[in-house]
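Chain residues, written in single-letter form:
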Amino acid sequence: MIHCLIIDDEPLSRNVLKAFVSDHPDLNLVGECKDAFEAMELLNSQPVDLLFLDINMPKLSGINFYKSLNQKPHVIFTTAYPEFAVEGFELNAVDYLMKPIAFERFVSAVQKVKDKSGQAQIPENVSDYILLKADKKMYRTPFTDILFCEALGDYVKVHLTDRVLIVTITMKKLLTELPSDQFIRTHKSYIINKSRFDYIEGNQIKIGDNSVSIGQSYREEVLKVLGN
């Protein structure tokens, strides 16, 4: 899990990034700050792996703030002004996101952080099943038996080939435990097994007798992955 901090003086930009972070299974938001001085206090109180840092901020710019840090987390600069990109990359920034930020570019930038952190490595001993807690039992569930997963508040309905399990886990946590080469999130409320879908029609994915929605922010990535 990558612990990240959003620093931006614009509330709308912070809200967009918060929504993106919430939808990404590998990110944990430790806080949001409206300027560099708030960020200094937070960084002194808890560890942070990644900054989403706006360049144009009052009093102290994002670039000068980052230069001032003794311990520098990974940084992804955000701004509406492309002329600042060169200076940002001179500071060894992982990436540079232009506003308005697209979710696909956000995901790509986070992947670069994972690559730098070595988190993209595949473990040597990969299991072909997951343990799911439901009905006060732990079910050994092969990945191939999972059709799709559906959010249900703080629970998840895991639709299997022969039954449905109501599992005590969040979607974000579940996605970290499912192999990314076999599963993809298609919507804030759905994860599907890539090998189990029948066809795509409009914004719906047909899996047996079920229809699963494709969220607008996921559509491009879903079509690219499932179309291959």
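Residues numbered from 1 in each chain as written. Predicted model: local features only at pLDDT ≥ 70, side-chain atom pairs only at ≥ 80, totals over all residues. Heavy atoms only, no water.

Participant: Give me the lowdown on the sheet that holds strand β11 (residues 183–187), citing residues and values where you can.
Facilitator: With antiparallel pairing, the five strands of this open sheet are ordered in space as β10-β9-β8-β12-β11. Looking along the sheet, the strands with just one partner apiece sit at the ends: β10 (164–167) and β11. Within the sheet, the average angular offset between the axes of one strand and its neighbour, ignoring direction, is 20°. As defined by bridge partners, strand β8 (residues 146–152) adjoins strand β9 (residues 155–160) across six bridges and the pair is classed as antiparallel. By the bridge assignment for β9, Ile 146 is matched with Leu 160. Packed on one face of the sheet, helix α7 (residues 219–226) meets β11 and β12 (190–193) and runs near 145° to β11. (Pairing = 2+ DSSP bridges. Helix = DSSP H or I, 4+ residues; strand = E, 2+ residues; numbered from the N terminus. Axes fitted to C-alpha atoms, helices over the stretch in contact; angles between N-to-C directions. Contact = heavy atoms within 4.5 Å.)

Participant: Talk me through the pattern of salt bridges; I want residue IDs and the actual numbers.
Facilitator: Considering all chains together, one arrives at 13 salt bridges under this definition. With a shortest N-O distance of 2.8 Å, Lys 18 and Glu 32 are connected by a salt bridge. In this pair, Lys 18 is assigned in helix α1 (residues 11–23) and Glu 32 in strand β2 (residues 27–33), connecting sequence segments 14 residues apart. Salt-bridge contacts for Glu 221 lead to Lys 224; the nearest nitrogen and oxygen are separated by 3.4 Å. (Salt bridge = Lys/Arg side-chain N within 4 Å of Asp/Glu carboxyl O.)

Participant: Quick rundown of α1? Include the residues and the values.
Facilitator: With 13 residues, α1 extends 19 Å between its outermost C-alpha atoms, agreeing within 8% with the 18 Å of an ideal straight helix rising 1.5 Å per residue. On its buried face, α1 is in contact with β1 (2–7), β2, β3 (50–54), α5 (103–117), α6 (171–177) and β11. (Expected span 1.5 Å × (residues − 1).)

Participant: Could you give me a rundown of the nonpolar core, with the residues and numbers involved?
Facilitator: In terms of nonpolar packing, the biggest core is built from 30 residues, with Leu 27, Leu 50, Phe 52, Ile 76, Phe 106, Ile 192 and Ile 205 touching the most fellow members. Elements with a minimum of two residues in this core: β1, α1, β3, α5, β8, β12, β14 (204–207) and α7. With five residues, the single largest contributor to this core is α5. (Core = buried A, V, L, I, M, F, W, Y, C linked by side-chain atoms within 4.5 Å. Buried < 20%, exposed > 50% of the residue type's maximum accessible area, 1.4 Å probe, protein only.)

Participant: Which residues make up the pairing of β14, and what are the values?
Facilitator: A one-sided burial pattern is seen for β14, the buried positions being Ile 205 and Ile 207 and the unburied ones Gln 204 and Lys 206. The pairing of strand β13 (residues 199–201) with β14 spans three bridges and is antiparallel. Paired with Tyr 199 across the bridge in β14 is Lys 206. The turn linking β13 back onto β14 is made up of two residues, and Gly 202 within it adopts a positive phi angle of 65°. When β14 meets strand β15 (residues 210–213), the two strands line up antiparallel, connected through four bridges.

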